[in-house]
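# Architecture at a glance
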Amino acid sequence: MTVRVGVIGAGWIGKEHIRRLTETVTGARVTAVTDIDAARAEGAAAPVGARVLPDGAAVIAADDVDAVLVTSWGPTHAEHVLNAIAAGKPVFCEKPLATTAEDCLKIIEAETAHGRRLVQVGFMRRYDIGYRQLKQVIDSGRIGEPLIVHCAHRNPTVPESYTSAMAALDTAVHEVDVLRWLLDDEIVSAQVVTPRSTSKRFAHLKDPQIMLFETAKGVRIDLEVFVNCQYGYDIQCEAVGEEGLVRLPDPASVAVRTAGAQTTTVLTDWVGRFADAFDTEFREWIANLAAGDEPTGPSAWDGYAATVITAATVEALESGRVVATDLKPRPTLYGGTA
């Protein structure tokens, strides 16, 4: 079976996913594209033989669209995801699922009423080979019960439009999701400490930030978010257990010895670091749909949890307090008891 995909949003990430579905993933075909900029939609659709439709509703309703990919502006995500659920069509939504907890809960309510999972959220780190190896070790019990997790998320630079709140909403959101998955545990509180700021930042930005999380089982997580580190794009994660520790490997890179020094390359952006994870994410999504199965990746509940936890982290930054996340009870559709 070929899964016919309609794409809502033809910006950079939308075009990347269209390329991925066309050139890298088997069993998929992009048949319809829409964007607020018609010329941009045409530029993305024409090379793959897709047609341009006027809006997201038209894409979702199209007879030649089996599944929907939402890569539009974040505040529009909830509308498109809800429309896809109403049409009974699987929908892959790049993060965020929605920009408010209220809209996330509307999506959860709609999907629960449908009675079957349709939604997958684009948290690609769960598909990275290093993170998958981390999870295998933690789940196996080889390091005992996890006690502490140390993380770092470093970017060389960010544009002037980047705000202090984006450190949680756009950057740390990836750690929030992958740590919940790695530990099979829920984050119950957030705190933010701001050390001396780097002189390399724009004046309005608090950078770096140290985010402190506690889970329901009592695991303590510290996350350094440093988005003007200058030297490269650097993702670190180390879980310390009762009997050992496990560390995320750096991307494979040759060691070069010359002029009295040994060097290895540090990547400079997230595209290169997680390209393989993006490919795996879409291969598995399409394979599940082609088999008639529900999506198995990050769910609407995971999208809701990420939105709530990052909002609490922003509140912690602005207030200086420890902020409880206060997640609603998890419905049974997502493995809960509510």
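Residues numbered from 1 in each chain as written. Predicted model: local features only at pLDDT ≥ 70, side-chain atom pairs only at ≥ 80, totals over all residues. Heavy atoms only, no water.

## Comments concerning the overall build of the protein
Helices and strands together make up the secondary structure of the protein, namely nine helices and 15 strands. For 338 residues, the compact-globule estimate of 2.2 N^0.38 gives 20 Å, and the protein sits close to it at 20 Å. Dimensions along the principal axes, computed over C-alpha positions, put the protein at roughly 55 × 55 × 45 Å. Relative to its 338 residues, the protein shows a buried fraction of 51%. Taking the intrachain contacts of the protein between residues at least 6 apart in sequence as the baseline, contacts between residues at least 24 apart amount to 72%. Approximately 15300 Å² of the protein is accessible, and the part contributed by carbon and sulfur atoms is 51%. Charge-centre separation for the protein: the mean point of 32 positive side chains lies 3 Å from the mean point of 45 negative side chains. (Helix = DSSP H or I, 4+ residues; strand = E, 2+ residues; numbered from the N terminus. Rg over C-alpha atoms; globule rule 2.2 N^0.38 Å. Buried < 20%, exposed > 50% of the residue type's maximum accessible area, 1.4 Å probe, protein only. Contact = heavy atoms within 4.5 Å. Areas by Shrake-Rupley, 256 points an atom, 1.4 Å probe, with all protein chains shown as cover. Lys, Arg positive; Asp, Glu negative; His and termini not counted. Charge placed at Lys NZ, Arg CZ, Asp CG, Glu CD.)

## As for the environment of K206
By secondary structure assignment, the location of K206 is in the loop between β8 (187-193) and β9 (209-215). K206 sits in the partly exposed class, given a relative accessible area of 41%. Sequence separation between K206 and G297 is 91 residues, and the spatial gap between their C-alpha atoms is 33 Å. Once residues within four sequence positions are removed from consideration, K206 is found in contact with S164, T194, S197 and L317.

## Some points on the pairing of strand β10 (residues 220-226)
Bridge count between strand β7 (residues 146-154) and β10: seven bridges; the pairing is parallel. Considered in β10, the bridge of C151 is made with L223. Linkage of β9 to β10, two consecutive antiparallel strands, is achieved through a turn of four residues, within which G218 is found at a positive phi near 90 degrees. (Pairing = 2+ DSSP bridges.)

## Focus: the sheet that holds strand β5 (residues 91-94)
Two strands in a sheet stick together by hydrogen bonds in their backbones, pointing the same way (parallel) or opposite ways (antiparallel). Taking strand neighbours across the sheet as the criterion, the six strands line up as β3-β2-β1-β4-β5-β6 in an open arrangement whose pairing is parallel. Only two strands of the sheet have a single neighbouring strand rather than two, namely β3 (51-52) and β6 (119-122). Strands β1 (3-8), β2 (28-34), β4 (67-70), β5 and β6 of the sheet are contacted by helix α8 (residues 270-290), whose axis makes an angle of about 160 degrees with β5. (Axes fitted to C-alpha atoms, helices over the stretch in contact; angles between N-to-C directions.)

## A look at the nonpolar core
Counting residues in each nonpolar core, the largest one holds 48 residues, and the members touching the most others are Y131, V149, L182, M211, F213 and C237. Looking at this core element by element, the count peaks at nine residues for helix α7 (residues 166-183). If near-sequence neighbours (up to four positions away) are discounted, Y131 is found in contact with R125, V178, W181, L182, I235, C237, L248 and F274. Counting 31 residues, the second-largest nonpolar core is a separate cluster that includes A78, V81, V91 and W301. (Core = buried A, V, L, I, M, F, W, Y, C linked by side-chain atoms within 4.5 Å.)

## Some words on helix α1 (residues 12-23)
For α1, which comprises twelve residues, the first-to-last C-alpha distance of 16 Å matches the rise-based estimate of 16 Å (1.5 Å per residue) to within 8%. Those residues of α1 that are buried lie in contact with β1, β2, α2 (38-45), β4, β5 and α8. (Expected span 1.5 Å × (residues − 1).)

## A short note on the pattern of salt bridges
Considering all chains together, one arrives at 24 salt bridges under this definition. Its salt-bridge partner being R4, residue D66 comes within 2.9 Å of it at the nearest N-O pair. Separated by 62 residues along the polypeptide, D66 in the loop between α3 (56-61) and β4 and R4 in strand β1 bring together distant segments of the chain. Given the relative accessible area of 21%, D66 is considered partly exposed. Between R40 and D35 there is a salt bridge; the shortest N-O distance is 2.8 Å. You can call R40 partly exposed: its relative accessible area is 35%. (Salt bridge = Lys/Arg side-chain N within 4 Å of Asp/Glu carboxyl O.)

## A word on a nonpolar patch on the surface
On the surface, a nonpolar cluster with roughly 280 Å² of combined accessible area is contributed by W12, W270 and V271. Within the secondary structure layout, W270 lies in helix α8. (Patch = residues over 30% accessible without salt bridge, like charges linked within 9 Å, V, L, I, M, F, W, Y side chains within 5 Å.)

## A look at the sheet that holds β9
Reading across the sheet, the seven strands line up as β12-β11-β7-β10-β9-β8-β15 and stay open at both edges, with mixed pairing between neighbours. Each edge of the open sheet carries a strand with a single partner, namely β12 (245-247) and β15 (323-324). α7 rests against β7, β8, β9, β10 and β11 (234-241) of the sheet, and its axis sits at about 150 degrees to β7. Packing of helix α9 (residues 300-319) onto the sheet brings it into contact with β8, β9 and β15, and relative to β8 it is tilted by some 35 degrees.

## Quick word on α7
Between its first and last C-alpha atoms α7 spans 24 Å; for 18 residues at 1.5 Å apiece the expected length is 26 Å, and the two agree. In α7, a bend of some 60 degrees at A172 exceeds every other bend along the element. Counting buried positions along α7 yields 15 of 18 residues, so the element is predominantly enclosed. Trailing α7 by a residue or two, D184 shows a phi angle of about 50 degrees, which is positive. (Bend = angle between axes of the 7 residues up to and from the residue.)

## Describing the packing of aromatic side chains
Applying the stated criterion across every chain yields a total of seven aromatic pairs. Three or more aromatic residues joined by ring pairs make a cluster, and in this case those are W12, W270 and F278. Of note, K135 hangs over the ring of W181, and the distance from its end group to the ring centre comes to 5.3 Å. Sitting over the face of the ring of F274, R273 holds its NZ or CZ atom 4.5 Å from the ring centroid. (Phe/Tyr/Trp six-rings, centres within 6.5 Å; stacked < 30°, edge-to-face > 60°. Lys NZ or Arg CZ within 6 Å of the ring centre and 35° of its normal.)

## Examining unusual backbone geometry
With omega at 0 degrees, the peptide bond leading from K95 into P96 counts as cis. Tracing the chain through its elements places P96 in the loop between β5 and α5 (101-114). Cis peptide bonds are those with omega within 30 degrees of zero, and the linkage from D207 to P208 qualifies with 5 degrees. Of note, P208 is situated in the loop between β8 and β9. Positive phi, normally seen in glycine, also occurs at D184, with a value near 50 degrees. For D184, the position within the fold is in the loop between α7 and β8. Phi is positive for A259, close to 50 degrees, though the residue is something other than glycine. Tracing the backbone through its elements, the reader meets A259 in the loop between β13 (256-258) and β14 (261-263).

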